[in-house]
Amino acid sequence: MRFRHPDGSTVHLAYCTNVHPAETLDGVLAQLRDHCEPVRRRLGRDRLGIGLWLAADAARTLDSDPAALRTLRAELDRRGLEVVTLNGFPYEGFGAEEVKYRVYKPDWADPERLEHTTALARVLAGLLPDDVTEGSISTLPLAWRTAQDADRTEKPLRTLAERLDALEELTGRSIRVGLEPEPGCVVETTRDALAPLAAIAHPRIGICVDTCHLATSFEDPRTAVDALTTAGVTIVKSQLSAALHAEHPHLPEVRAALAAFDEPRFLHQTRTSTAAGLRGTDDLGEALGGEALPDGSPWRAHFHVPLHAAPAAPLTSTLPVLKDTLTRLVGGPHPRTRHLEVETYTWQALPPELRPRARTQLADGIAAELTLARDLLTELGLKELP
């Protein structure tokens, strides 16, 4: 979906296909048929933007085989879909029964992360619509929190920037990559991103602002976005997502409600903001299991809940943080990013009674999320384009 900003520029809205994990090109093509095109039809649109997640196997195939890339591009066109952004965070296995810490491997100290992201950039350059010259890729925030030699993560990102420069010279397509701060990682907050990005100092390497992660870490949207702007950090894209919020985690009924979201597939880092600073656990079950996390102030958990459907009381979502962030990003005289991506990958990890039971229900839910995002953008003065 495309929108005209009051300054005349185009802002793109997509939804991320990591909610339909596929490891191979055949799986990606099936996604387009079974999920993406039905969402487009529900929205009554001739064209729908999708943020593709390409696992390592699919990315290698598309990068090494021009015929395969042409096949994907033709299928996108045939089904009324377009791609201006990729989710390059998960490497493979995102549909596994247990993902947890595996999603952070390989990290930016591993040469395979550089090669994979380079391949994604080349593929994206070949998938961009004919009238679009800029693409974006989100990637993991360096590594899970372990002691890191800065050179082991800075050098590959510098190399990536050089490769992206060369790619634009060759294709005329400008691809940028954004580190996506996430709780528990080396770059956990937008503030944590400032130093490594200053060290790299290249406009093609910036940040992806995920509004669920921002909220989970209790970051203030105005402070975060203004600090990035002041530092000259490129906001490559923003993922529109909402975290799980518990206002009174000390109450038994609140803990019982949270326990329904403690599931085995994904990591749900949980945080609370105290007078002594931010406190947290790696997973929701750890927070609920004892006294690891103070419960005198609200908790937020890294669980991407559907944008249009907040959990039932006594829980809620951080949708207000998303709205505030979106205002900061695109509500001013000029957009601070032009790539927006709804990313709710946890539909099948929701409590059983909230999960979609059929493809049609999932498509309805995704269409409802995109409708909410569209309405927020039009309220900010952006005009939806055909």
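Conventions we followed
Residues numbered from 1 in each chain as written. Predicted model: local features only at pLDDT ≥ 70, side-chain atom pairs only at ≥ 80, totals over all residues. Heavy atoms only, no water. Helix = DSSP H or I, 4+ residues; strand = E, 2+ residues; numbered from the N terminus. Rg over C-alpha atoms; globule rule 2.2 N^0.38 Å. Buried < 20%, exposed > 50% of the residue type's maximum accessible area, 1.4 Å probe, protein only. Contact = heavy atoms within 4.5 Å. Areas by Shrake-Rupley, 256 points an atom, 1.4 Å probe, with all protein chains shown as cover. Axes fitted to C-alpha atoms, helices over the stretch in contact; angles between N-to-C directions. Parallel < 35°, antiparallel > 145°, perpendicular 65-115°, else oblique. Nonpolar A, V, L, I, M, F, W, Y, C, P; charged D, E, K, R; others polar. Core = buried A, V, L, I, M, F, W, Y, C linked by side-chain atoms within 4.5 Å. Pairing = 2+ DSSP bridges. Left-handed = near helix turned anticlockwise from the far one by under 90°. Polar contact = N/O pair within 3.5 Å; in protein donor to acceptor, adjacent residues only side chain to side chain. Salt bridge = Lys/Arg side-chain N within 4 Å of Asp/Glu carboxyl O.

**Considerations on the overall build of the protein chain**
Each helix and strand in the protein chain was counted, giving twelve helices and 15 strands. Relative to the globule expectation of 21 Å for 386 residues, the C-alpha radius of gyration of the protein chain, 20 Å, shows essentially globular dimensions. With 386 residues in all, the protein chain has 60% of them scored as buried. Residue pairs in contact within the protein chain that sit at least 24 positions apart in sequence constitute 79% of those at least 6 positions apart. Carbon together with sulfur atoms contributes 50% to the accessible area of the protein chain, which is approximately 14,900 Å² in total.

**A few points about the packing of helix α2 (residues 56-64) against helix α3 (residues 66-78)**
The geometry of α2 relative to α3 is characterised by a closest axis approach of 5 Å and an angle of 110° between their N-to-C directions. By the angle between their axes, α2 is roughly perpendicular relative to α3. Along the contact surface, α2 presents T61, L62 and S64, while α3 presents P66, A68, L69 and L72. Of the residues assigned to the contact of α2 with α3, the class counts are five nonpolar, two polar and no charged.

**A look at the nonpolar core**
Of all hydrophobic cores here, the largest spans 111 residues; its most connected members are L13, Y15, I50, L72 and L370. Of all the elements, helix α12 (residues 359-379) adds the most residues to this core, at nine residues. With sequence-adjacent residues up to four places away left out, I50 is seen in contact with A14, Y15, T17, L32, C36, L76, L81, E82, V83, V84 and T85.

**Focus on the pairing of strand β8 (residues 235-240)**
With respect to burial, β8 is a largely interior element, six of its six residues being buried. Sheet topology places strand β7 (residues 205-210) next to β8; four bridges connect them, and they run parallel. Note that in β8 the partner of V209 across the bridge is S238.

**Some thoughts on the packing of helix α11 (residues 319-330) against α12**
Relative orientation of the contacting elements α11 and α12 amounts to 45°, with a least axis distance of 10 Å. Classed by the angle they form, the pair α11 and α12 counts as oblique. Crossing angle aside, the handedness with which α11 passes α12 is right-handed. Here L319, L322, K323, L326 and V330 of α11 come into contact with α12, specifically with L372, L376 and L377. Partitioned by chemical class, the residues of the contact of α11 with α12 number seven nonpolar, no polar and one charged.

**Comments concerning the sheet that holds strand β11 (residues 277-281)**
Ordered by their spatial adjacency, five strands build an open sheet running β11-β10-β12-β9-β13, and the pairing between neighbours is antiparallel. Each end of this open sheet is capped by a strand with a single partner; those strands are β11 and β13 (315-317). Each adjacent strand pair in this sheet contributes to an overall mean axis angle of 30°, direction not counted. With five bridges joining them, strand β10 (residues 270-274) and β11 adopt antiparallel strand pairing. The residue bridging T272 from the neighbouring strand is R279, located in β11.

**Observations regarding the side chain of E263**
Looking at where E263 falls in the secondary structure, it is placed in the loop between α9 (252-259) and β10. There is a polar contact of 2.8 Å between the side chain of E263 and the backbone nitrogen of R265. A polar contact of 3.0 Å, which involves the side chain of E263, links it to the backbone nitrogen of F266. E263 has contacts with K100, H268, F303 and A349, leaving out every residue within four places of it along the chain.

**Quick notes on the pattern of salt bridges**
Proximity of charged atoms lets side chains of opposite charge pair with each other. Tallied over the entire structure, the rule returns 28 salt bridges. Taking the shortest distance from any N to any O, the salt bridge between D34 and R33 comes out at 2.7 Å. R33 gets classed as partly exposed once you look at its relative accessible area, which sits at 45%. Note that E115 is salt-bridged to R163, the shortest N-O span being 3.3 Å. Here R163 lies in helix α5 (residues 150-171) and E115 lies in helix α4 (residues 111-127), a separation of 48 residues in the sequence. Since its relative accessible area comes to 30%, R163 is described here as partly exposed. Overlapping salt bridges bring together E37, R40, R41, E75, R78 and R79 as one network.

Shape is all these values report; function is a separate question.
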